[in-house]
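# Understanding the architecture of this molecule
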Amino acid sequence: MNHNVPRTKWAHVTLDERDAVEREARAKAAARAVLEKQKRKAPVPPVPPREAYPPIAGCESVVKYERLNHIEEGSYGVVSRARNKETGEVVALKQLKLDKEKHGFPITSLREIHALMEARHPHIVQLKELVVGDTLNKVYLVMEFVEHDMKTLLGSMRTPFLQSEIKALMQQILAAVAYMHDRWIVHRDLKTSNLLMTNRGCVKIADFGLARMFGDPQRAMTSLVVTLWYRAPELLLGAEVYDTAVDMWSVGCIFAELLLRVPLFPGKKETDQVSRIFRLLGRPTPERWPGYTALPNAATLGKSAAPSQSSLRHRFRYTTDATLDMLERMLTLNPARRISSEDALKHVYFTESPLPAHPDSFGSFPSAASGEKRRALSPSIPRRDAAQQYPLEFEWKQQNVE
Ligand SMILES: Nc1ncnc2c1ncn2[C@@H]1O[C@H](COP(=O)(O)OP(=O)(O)O)[C@@H](O)[C@H]1O
Ligand SMILES: [Mg+2]
C-alpha cells in the first residue's frame, strides 16, 4: 500500500462531515432517479373511443343535429340551440364538461341520466336523448328547447310580473319540486338560472339531477362559478346530513326574487352569505333551531352580530299576510320546521285573491336563447369564450364533410 497518497478521499475529513456528504449524494441520486422516472413515464393515453364503452356505444351521434346558436355556458355544460336534421325539431343541446374525466364518461352519471330521462313532468325540462361524439368525453344531453331562463328574463323585463303571475309560477315550481321530492330526488341547485320558461308562461326546472351527478357542488365548484345565494343555512353551517328542505330554502329565495326582482341574499362569500341571512331573519336561537350549535361551522360562521328578531315583514311590507307567511315558512332557518313542497301547494296564498294567472295570459318576451335579444352577462358564469373552449364536434364534422 502506498502511504504517500491519501488512502481514501475521506482521509482529511471527520466522520460527521463524511456522513453529511454521503447523505447529500444519496439525496441527489434519489432526486435524479425520480426525474428519470418522470421522463420515462408514458404520455397520457388519449380518451378511449366510445366503442370501448358498451353502454353509450349504442347512442346516436351528435352529427344528426345542426347547431343554430350558442345559448349559454354554465358550470357543467355548454348549451346550444340546435335542429334535428331528420325531423326539423329544434332542441337544446348541452355538451357536458368532462374535462376532468380523463377516462371518459363516469358510469354513475350514466345511470342518473337514465333516471332523469324517466322523470316526466310538465314543469321539468324533458331530456329526450343522449348523443355522443367520437370519444367518451364528448357527451351531449338533448333537451326540449325552452325560450327563456328566469334569471335572464327577470333582468330584462320592462314591467314586473303581476302578483297573479308570480302565483302561477310558484305553483308550477312547487308542483315540479313536489314531484322530485316524492321520488327522493333532491335537486340541490335550484336558482333562477336553472328555471326555464316558455313563451306561454310555463316554467320548467332544468339542470335537474346534475348537481347530484357531479358530486357535491360545494366541493366540486369554486366560488368563481357557483352562486351561494340560494344555499340553505344548514349547508352553509356545514351540515353533512341534509334533505329535501335544502331545495325549499332555494324555492323561498326564488319566491323572494320574483317579488323583489333582485336576489334576496346576494352574498359575496360564505361568511357574508350567513350574515346576510341572519341579519334579515334574526340569528338562530336554541328554541328556534335546536342543535344548530353542533353544526361544524356554527362556531365560526354563525357568530355574526345579528338581531334576534326577523325583519322579513318590514322588507316585504307591501305584500299580503298570506304571501309573507308563505315566504316565512320557506325561509325558516331550522330545516326541520321549513315547509314542504306539498304543504306549500296547499297554502292559503294560492286560494286568496288574486288567483294564479292562467299560463296563456302571460305576455311573450323576446327570447335571448333564440338569438332574438342580446343576453346580459351573468356574474355566475365562467369568464371564457365558450365557443372557443368547446368547439362542438358536429361543427367541425360538418366542415370536414363539406
Ligand atoms: N332546454 C333548454 N332550453 C333553452 N335554454 C337552456 C336549456 N337548458 C339550459 N338552457 C340555458 O343554458 C343555461 C345553462 O344550462 P344548465 O343546464 O343550467 O347548465 P349548467 O349545469 O352548466 O348550469 C341555462 O341557464 C339556460 O339559460
Ligand atoms: Mg345551471
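Conventions and cut-offs
Residues numbered from 1 in each chain as written. Chains lettered and ligands numbered in written order. Predicted model: local features only at pLDDT ≥ 70, side-chain atom pairs only at ≥ 80, totals over all residues. UniProt positions renumbered as here; feature names shortened; annotations may be inferred. pLDDT = per-residue confidence, 0-100. Contact = placed C-beta atoms within 7 Å. Near = placed C-beta within 6 Å. Helix = DSSP H or I, 4+ residues; strand = E, 2+ residues; numbered from the N terminus. Nonpolar A, V, L, I, M, F, W, Y, C, P; charged D, E, K, R; others polar. Domains from an automatic or database assignment. Core = buried A, V, L, I, M, F, W, Y, C linked by C-beta atoms within 7 Å. Buried ≥ 20, exposed ≤ 12 C-beta atoms within 10 Å, placed from the backbone. Pairing = 2+ DSSP bridges.

- Named according to an unreviewed UniProt entry, the protein chain is cyclin-dependent kinase originating from Malassezia vespertilionis.
- The Sequence similarities (unreviewed entry) comment attached to the protein chain in UniProt states, word for word, "Belongs to the protein kinase superfamily. CMGC Ser/Thr protein kinase family. CDC2/CDKX subfamily."

### A few points about the confidence of the model for the protein chain
- Averaged over every residue, the pLDDT of the protein chain is 80; the share at 70 or more is 74%.
- Across residues 213-226 the pLDDT falls below 50, and counting only partners more than four positions away or on other chains, this stretch makes 19 contacts in the model.
- In this model residues 376-402 is a low-confidence stretch, pLDDT under 50, and it forms 35 contacts with partners more than four residues away in sequence or in other chains.

### Things to note about the site of ligand 1
- Surveying the vicinity of ligand 1 reveals 22 residues, the closest of which are Glu-72, Gly-74, Tyr-76, Ala-92 and Asp-149.
- Residue assignment for the shell around ligand 1 shows that the elements contributing at least two residues are strand E2 (65-73), strand E3 (77-84), strand E4 (90-96) and strand E6 (139-144).
- In terms of residue class, the shell around ligand 1 is built from 12 nonpolar, five polar and five charged.
- Looking at the shell around ligand 1, you find at least three residues from each of domain 1 (67-144) and domain 2 (148-370).

### Remarks on the nonpolar core
- In terms of nonpolar packing, the biggest core is built from 83 residues, with Ile-173, Leu-195, Trp-249, Val-251, Ile-254, Phe-255 and Met-330 touching the most fellow members.
- No other element matches helix H9 (residues 245-260), which puts 11 residues into this core.
- Looking at which domains feed residues into this core, each of domain 1 (67-144) and domain 2 (148-370) supplies at least three.
- With sequence-adjacent residues up to four places away left out, Trp-249 is seen in contact with Ala-232, Met-330, Leu-331 and Arg-338.

### Side note on the pairing of E6
- Burial analysis of E6 places five of its six residues in the buried class, which makes it a mostly covered element.
- In this structure, E4 lies alongside E6, joined through five bridges in antiparallel fashion. Bridge pairing links Lys-94 to Leu-141 in E6.
- Across five bridges, the pairing between strand E5 (residues 127-132) and E6 is antiparallel.

### What about the environment of Ile-113?
- By secondary structure assignment, the location of Ile-113 is in helix H3 (residues 107-118).
- By the C-beta count within 10 Å, which is 21 here, Ile-113 ends up buried.
- Along the primary structure Ile-113 and Leu-130 are separated by 17 residues, whereas in three dimensions their C-alpha atoms are 8.4 Å apart.

### Quick word on the sheet that holds strand E1 (residues 60-61)
- Judged by pairing direction, the sheet is mixed, and its six strands sit side by side in the order E1-E5-E6-E4-E3-E2 without closing on themselves. Edge positions in the sheet fall to E1 and E2, since each of these pairs with one other strand and no more.

### A closer look at unusual backbone geometry
- In this structure, the amide linkage connecting Ser-353 to the following residue, Pro-354, adopts the cis form with an omega of 0°.
- Structurally, the position occupied by Pro-354 is in the loop between helix H14 (341-345) and helix H15 (386-389).
- Notably, Arg-261 is not glycine yet its phi reads approximately 70°, a positive angle.
- A residue is classified by how many C-beta atoms lie within 10 Å of it, and Arg-261, with 11 of them, is exposed.

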